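One letter stands for each residue in the lines below.
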Amino acid sequence: MEYLLLCILPIGLAFWAQMRVSSAYSKWSQVSSRIGMTGAEVAKAVMRSAGIDNVDIVEIPGHLTDHYDAQNKRLALSSENYHGTSLAALGVSAHESGHAIQDKEHYPALNLRMQLVPMTNFASSILPLVIFGAVFFRMFSLIYVAVAFYLILAIFQLVTMPVEFDASRRALQRLQGLGILTAPEMVGARDVLKAAAWTYVAAFIAALGNLLYWLSLASGNRRRS
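Every chain is numbered on its own, with residues counted from 1 as its sequence reads. Selection of residues for local features in this predicted model requires a pLDDT of at least 70, selection of side-chain atom pairs for listing and counting requires 80 or more, and totals for whole chains, interfaces and linings are taken over all residues. As a rule here, side-chain values come from all non-hydrogen atoms in the structure, and water together with hydrogens is ignored.

Asker: Hey, could you run me through the sheet that holds strand β3 (residues 74–78) in this one?
Answerer: In sheet architecture, strand pairing relies on hydrogen bonds along the backbone and comes in two forms, parallel and antiparallel. DSSP calls a pair of strands paired once it identifies at least 2 bridges connecting them. Secondary structure counts use DSSP, requiring at least four H or I residues in a row for a helix and at least two E residues in a row for a strand, with both numbered from the N terminus. Ordered in space as β1-β3-β2, the three strands form an open sheet in which the pairing is mixed. Here the strands that pair on one side only, and so sit at the sheet edges, are β1 (56–60) and β2 (67–69). Averaged over neighbouring strand pairs, the angle between their axes works out to 25 degrees when direction is ignored. Sheet topology places β1 next to β3; five bridges connect them, and they run parallel. Residue pairing for β3: Asp-56 is matched across the bridge by Arg-74. Most of the contacts of helix α2 (residues 39–49) go to β3, to which it runs at about 155 degrees, and overall it touches β1 and β3. Together, β2 and β3 form the strand contacts of helix α4 (residues 87–104), whose direction differs from that of β2 by roughly 25 degrees. Only the stretch in contact is used when a helix axis is fitted, and all axes are lines through C-alpha atoms; the angle between N-to-C directions ranges over 0 to 180 degrees. We call two residues contacting when some pair of their heavy atoms lies within 4.5 Å.

Listed below in structure tokens is the structure:
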């Protein structure tokens, strides 16, 4: 029951959140914006309005692979959003531009997340080996290592939530303030970004559930010792 509550249910929530994003994006990617701008053009306009002219906007393959690379000052948009003129494409493109604005303004949560990235990547890469050793080779000391790694992942996901929520807030403000989307069109962009927000919440709950589960194993192991 403990495993079900702390591990399986968060996985179910993550699956639901991903389906919610796919559904919202699919729906609003069929609705073209009145202004007819592409995602790349919107990203450029949003950043220009914030005085940003040193970020490259590039096209990358994949579905919803969009991201902002603060280290290399690069805003990467998937082909469908780079060339797309839909409400979904413009919402996603503006969201990534929101991260560029955060970077320019030295948004504290973004800076903290960037500092956590190397540690998080290391924990993510080593964690499967740690779990394998603890479960299959009964190396119970590794349980405490797993707890430490899941703590890092949980902190990273916790910090990620305000970063992503703030980027969406900035995106929606700029889309409306610059006259890129009308009030009725804002419904579509907002729906896509709200759906995406659930994926960050689900990721944090999953990381927290795993942390609590391994903490319970560590507590049980300590009692047996």
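Asker: What am I meant to see in the packing of aromatic side chains here?
Answerer: Aromatic ring pairs are reported here in terms of the distance separating the ring centres and the angle at which the planes meet. Aromatic rings from Phe, Tyr and Trp, with only the six-membered ring used for Trp, were paired whenever their centres fell within 6.5 Å, and each pair was classed as stacked if the ring planes differed by under 30 degrees, edge-to-face if by over 60, and tilted otherwise. One pass over the structure, following the stated rule, counts six aromatic pairs. Ring geometry for Phe-122 versus Phe-149: centroids 6.0 Å apart, planes at 85 degrees, classification edge-to-face. Residue Phe-122 is found in helix α5 (residues 108–136), and its partner Phe-149 is found in helix α6 (residues 142–177); the two are separated by 27 residues along the sequence. Using a relative accessible area of 48% as the deciding quantity, one classes Phe-122 as partly exposed. Each residue in the set Phe-132, Phe-136 and Phe-137 is aromatic and connected to the rest through ring pairs, giving one cluster. Each residue gets one of three labels from its accessible area relative to the maximum for its type: buried under 20%, exposed over 50%, partly exposed in between, using a 1.4 Å probe on protein chains only.

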